[in-house]
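Read off the chains here:
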Amino acid sequence: MSLELRGLTKVFPDPRDPIREVRAVESLSLAVRAGELVTLLGPSGCGKTTALRMVAGFETPTAGTIGIDGVDVTGRPPHLRDTAMVFQSYAIFPHLTVAENVGFGLSTRRVPPAEIARRVASLLDLVQLAGLGGRSPDRLSGGQQQRVALARAIITEPKVLLFDEPLSNLDAKLREEMRDEIRAIQRRVGITSVYVTHDQAEAMALSDRIVVMRAGRIEQVGPPVEVYARPATRFVANFVGRVNFLAAEPVGPRAVRVRLGPATAELAVAESPGAGGDPRLAVLRPEAIRLLPAAAADPGQPRGRVRRAVYLGGVAEYEVEIGPVALLVSVANPVAEGLFAEGDAVAIALPAHPVAVVPAS
């Protein structure tokens, strides 16, 4: 393992009551493989940035250890950890040129100027900034500044590269472009990386594995497809993507019954739904549900009415009312599939593939 966190805990005094404590991170254990990109994902205040800052050495753990390539670095200062950080605010030196910013880490290590120039040129080419080495940072766009920050972090060839919400200051389209570039560069260079974000789409697009955090603890760790399709808890299902929850009654080792208004339906489940006495919820993603006109439906299919319709171009979103239940339904390529309007009578086709089931609490 390239990075190992064992029982990492951080306790702060409560600013509103010095006698009380705030446990920002609680007994966090995580192993990151060499060359892997792992994302810490969660809402604001869940402890993900605090955990990253402890790895970087900017915060001292209250308990636990941090190991890099088998060496305990818990007590080492930041500059002796062989890590590098890409910050949300870029942290570019305004008085230095692009090339001087990128080569700064090498110059502090007294690398010969010719070698610095060679490596800076190579990195600027890698991050698509070739020919801009002499430019002042204030003449760069936000995306270009982020590329400078990334090149500056990579040039020292750290063992672990840390990202603290680096794309949050960019507009939506540029964020998508930059996340693809970051992933491509990380793979090409092969640096072990830990990325912090609250953006689910960003985490899904970038990560080898996602670590979902809540209140300082890990809720689930797994590849993006596993975290999305097989959430371990109600919190994970709700935070990673949009979701419908339906009360689920086990009716077999791999099936549950759900109620939609006056109708009931059985759903296949990926894992055992558990004992009948434990309240469970079936996890239905909006894109897994199909809509069709009520007149074209089979007699046994649940029926409802469109309460809200939103056309988003490539996707249409509907809120469908079925008795006391409101289902969110997402339809791709809606023009070809047929658009529904508010008030339309529709029928619901539930997914045939197995769905996830999570504890109700």
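Residues numbered from 1 in each chain as written. Predicted model: local features only at pLDDT ≥ 70, side-chain atom pairs only at ≥ 80, totals over all residues. Heavy atoms only, no water.

1. Some details on the nonpolar core
No. 1: Residues Val102, Leu150 and Leu161 are the most contacted members of the largest nonpolar core, which totals 35 residues.
No. 2: Elements that contribute at least two residues to this core include exactly strand S6 (83-86), helix H2 (98-102), helix H4 (113-126), helix H5 (142-154), strand S7 (160-164) and helix H6 (172-189).
No. 3: At six residues, the largest contribution of residues to this core is made by H5.
No. 4: When sequence neighbours within four positions are dropped, the list of residues in contact with Val102 reads Val120, Leu123, Leu124, Val148, Ala151, Arg152 and Ile155.
No. 5: Core analysis: the second largest hydrophobic core is formed by 26 residues, Ala248, Leu260, Ala265 and Val320 among them. (Core = buried A, V, L, I, M, F, W, Y, C linked by side-chain atoms within 4.5 Å. Buried < 20%, exposed > 50% of the residue type's maximum accessible area, 1.4 Å probe, protein only. Helix = DSSP H or I, 4+ residues; strand = E, 2+ residues; numbered from the N terminus. Contact = heavy atoms within 4.5 Å.)

2. Examining the sheet that holds strand S5 (residues 71-72)
No. 1: The four strands are arranged S2-S1-S4-S5 in an open sheet whose pairing can be described as antiparallel. Across the chains shown, the open sheet's two edge strands, defined by having one partner strand only, are strand S2 (17-32) and S5.
No. 2: Where strand S1 (residues 3-14) meets S2, nine bridges bridge the pair, whose relative direction is antiparallel. The residue bridging Glu4 from the neighbouring strand is Ala31, located in S2.
No. 3: Where helix H1 (residues 48-56) meets the sheet, its contacts fall on S1, S2 and strand S4 (63-68), and the angle it forms with S1 comes to roughly 115°. (Pairing = 2+ DSSP bridges. Axes fitted to C-alpha atoms, helices over the stretch in contact; angles between N-to-C directions.)

3. Some thoughts on the pattern of salt bridges
No. 1: All chains considered together, the criterion is met by 24 salt bridges.
No. 2: Where salt bridges share partners, they join Glu21, Arg23, Glu26 and Arg217 into one cluster. (Salt bridge = Lys/Arg side-chain N within 4 Å of Asp/Glu carboxyl O.)

4. Describing the sheet that holds strand S10 (residues 217-222)
No. 1: Strand order in the open sheet formed by six strands is S6-S7-S8-S3-S9-S10, and the pairing between neighbours is mixed. Strands at the two margins of the open sheet, each flanked by one partner only, are S6 and S10. Going across the sheet, the axis of each strand differs from the next one's by a mean of 20°, ignoring polarity.
No. 2: Contacts from H1 reach strand S3 (37-41), S6, S7, strand S8 (192-197) and strand S9 (209-214) within the one sheet, and its direction differs from that of S7 by about 145°.

5. Thoughts on the packing of aromatic side chains
No. 1: Inspection of the entire model under this criterion finds five aromatic pairs.
No. 2: With a centroid separation of 4.8 Å and an interplanar angle of 55°, the aromatic rings of Phe93 and Phe104 are classed as tilted. In this pair, Phe93 sits in the loop between S6 and H2 while Phe104 sits in helix H3 (residues 104-108), placing the two residues eleven residues apart along the sequence.
No. 3: The partly exposed category is assigned to Phe104, whose relative accessible area is 34%.
No. 4: Lying over the aromatic face of Phe93, Arg152 brings its terminal NZ or CZ to 5.4 Å of the ring centre.
No. 5: Positioned above the aromatic ring of Tyr228, the side-chain terminus of Arg285 is 4.1 Å from the ring centre. (Phe/Tyr/Trp six-rings, centres within 6.5 Å; stacked < 30°, edge-to-face > 60°. Lys NZ or Arg CZ within 6 Å of the ring centre and 35° of its normal.)

6. Looking at the environment of Arg183
No. 1: With respect to the helices and strands, Arg183 occurs in helix H6.
No. 2: Taking the C-alpha atoms as reference, Arg183 lies 8.2 Å from Ser207; in sequence the two are 24 residues apart.
No. 3: Beyond its immediate stretch of four places on either side in the chain, Arg183 contacts Leu37, Ala205, Leu206, Ser207 and Asp208.

7. Section: H1
No. 1: A large share of H1 lies buried, amounting to seven of its nine residues.
No. 2: Those residues of H1 lying buried are Lys48, Thr50, Ala51, Leu52, Met54, Val55 and Ala56.
No. 3: Among the residues trailing H1, Gly57 stands out with phi positive, at a value near 95°.

8. Observations concerning the pairing of S7
No. 1: Among the five residues in S7, five count as buried, and that is most of the element.
No. 2: Bridge count for S6 against S7 is four bridges, and the pairing is parallel. Bridge assignment links Val86 to a residue of S7, and that residue is Phe163.
No. 3: Relative to S8, S7 runs parallel, the two being bridged by five bridges. Note that in S8 the partner of Val160 across the bridge is Thr192.
No. 4: Following the backbone out of S7, through H6 and into the adjacent parallel S8, one traces a crossover that is right-handed. (Right-handed = clockwise from strand over helix to strand, strands pointing away.)

Read these as spatial facts, not as claims about activity.
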